[in-house]
Amino acid sequence: PEKKIIQLQHGAHRLGRRNDADMARWRAYGLGQFIHWGLYSIPAGEWNGKMYNGAAEWIRTWKEVSPQAYDSLIYRFNPTKFNPDSWAAVAKQMGVKYVTITTKHHDGFCLWPSKFTDFTVANSPYKKDIIGPLVKAYDKQGIDVILYFSVMDWHNPDWRYDIKTRDDSIAFNRFKQFTRNQLLELLTQYPSAKGLWFDGTWDKSWVKQAAFADSLETEMRKLHPGLIIGSRFRADEYGKRHFDSNGNLMGDYEQGWERKIPEKITDVHGNDWDCVMTIPENQWGYAKTWQGHIKTADELLEMLAKCVSLDGNFVLNFGPKPDGTLRAEELSLAKAIGDWMTVNKEAIYNGEYAGFIKQDWGYFIKSTASNKIYMLVFNIPVSGVLRVATPSHMAIRKAYGLDNAASNYTSEEIGSSTYFIHPNQQITPKKPFVIVLETGEEA
Ligand code: FHN
């Protein structure tokens, strides 16, 4: 039976991917960095000697913490060692093409001197803007900046989780204007930012604002042509988020892949998407101690490869310390990823789904820049031989390692559209590695 299409005023306004230069640039990034920084970096998961089990940036909601005491952390925010150029240099060496930075997380503390609240860096001992210098430093390195913004704001007395009374509605109307003011302020003050990464948009209060959010989105896009906004910003008039009541993606890319990665290309429905990932299980802001499993550089590289092979970007989170420096574990992972990227970046940038059947040794990525196919190898079978099944009518002409000589692999056609890639000598790699395939039409 044919699916009935619901007439929507505030659903998706475009079907399929965006087709413009700004979005093409976003699509080609491959690797990004996320930064969660704010007052929560000061307690860092510990309050009055007790450890909080949740994510450090959520500590304000813990029963052990009084909101007033938390908000007073503003008087202790003084990152005297903050050096935006050194953060940007770390990101550059790591090979990231874009950074998403928290301008305001759920606690409402603004890292820029917003005119619309007192709860900003301007009233901390540090006094200075954080966002402006960061944008400048990353821009200088050629790394695009996306501004993270939480709509949910625990500090603002007008914030509501739901709207049940007339008073709620009056307060929330003020809150909507406040949100609009802050967003227009951010876009005006930091015009080189390429997009907005929304969060804290799941509560009923906001989900009910389909018309307001839709018109605000239109206004922001008009003010900032090319602006990139994901699927977390607004709901349709039936309260559907990410995908509207007809199942169409709202916004420019799917923002639902948080700490998880799709398994197959059909999971992403032809949409653009990014995956945001933490190094421990679930800590975004700085936490003094990391519990549980801490991801290794090789695991993170595999996640990166998997995301790009399925048409997504992979964004790794950093939670800087309250003094403005980056934690040692993050610096060493950034370095290890960067060293790998130095050799293998052409397999990641401009990478997209290659259309090959996935094999157990790793991931195929096709470069839109060169049309080459990259095999990102993470697991070598005991035989040492890597199997490739090509899409129909495609033949392998040449196979070679990305890191050195062109002659170190031989491709053998073993059957119709099926090949074995043989290393010419035994390989015992210490790191994931990349084989380049040059292909052509089958004879
Ligand atoms: O609650 C937040 C969380 O603290 C963090 O900011 C992540 C990042 O994607 N977003 C929210 C949960 O979806």
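Computed from a prediction, not measured in an experiment: that's the story for all the values here.

### So, the packing of helix H5 (residues 166–189) against helix H7 (residues 210–223)
For the pair H5 and H7, interaxial distance at closest approach is 11 Å and the crossing angle is 15°. Relative to H7, H5 is oriented roughly parallel. Both H5 and H7 take part in a crossing whose hand is right-handed. Contacts between H5 and H7 pair Lys176, Gln177, Arg180, Leu183, Leu184, Leu187 and Thr188 from the former with Phe212, Leu216, Glu219, Met220 and Leu223 from the latter. Residue composition of the contact of H5 with H7, grouped by class: seven nonpolar, two polar and three charged.

### Side note on the domain arrangement of the protein
Taken domain by domain, the protein comprises domain 1 (21–349) and domain 2 (354–441). Listed by partner, the interface residues are 14 residues for domain 1 and 13 residues for domain 2. Regarding the contact of domain 1 and domain 2, the summed buried area is about 1300 Å², with carbon and sulfur atoms giving 61% of it. Where domain 1 touches domain 2, the interface holds one salt bridge. Note that Lys431 and Asp298 form a salt bridge whose closest N and O atoms lie 2.7 Å from each other. At the level of elements, helix H8 (297–309) and helix H9 (328–344) are the ones that each hand at least two residues to the side of domain 1 that touches domain 2. If you tally residues by element for the side of domain 1 that touches domain 2, the top one is H8, at eight residues. Each residue belonging to the side of domain 1 that touches domain 2 can be placed in one class, and the counts come to eight nonpolar, two polar and four charged.

### Remarks on helix H4 (residues 131–140)
Counting along an α-helix, one turn takes 3.6 residues, and residues three or four places apart therefore face a common direction. Among the residues of H4, those classed as buried are Ile131, Gly132, Leu134, Val135, Ala137 and Tyr138. On its buried side, H4 packs onto strand E1 (31–35), helix H3 (84–94), strand E4 (98–104) and strand E5 (144–150). Just downstream of H4, Gly142 is the residue with a positive phi angle, here 75°.

Conventions used here
- Residues numbered from 1 in each chain as written.
- Predicted model: local features only at pLDDT ≥ 70, side-chain atom pairs only at ≥ 80, totals over all residues.
- Heavy atoms only, no water.
- Axes fitted to C-alpha atoms, helices over the stretch in contact; angles between N-to-C directions.
- Helix = DSSP H or I, 4+ residues; strand = E, 2+ residues; numbered from the N terminus.
- Parallel < 35°, antiparallel > 145°, perpendicular 65-115°, else oblique.
- Left-handed = near helix turned anticlockwise from the far one by under 90°.
- Contact = heavy atoms within 4.5 Å.
- Nonpolar A, V, L, I, M, F, W, Y, C, P; charged D, E, K, R; others polar.
- Domains from an automatic or database assignment.
- Buried area = accessible area lost by both parts, 1.4 Å probe.
- Salt bridge = Lys/Arg side-chain N within 4 Å of Asp/Glu carboxyl O.
- Buried < 20%, exposed > 50% of the residue type's maximum accessible area, 1.4 Å probe, protein only.

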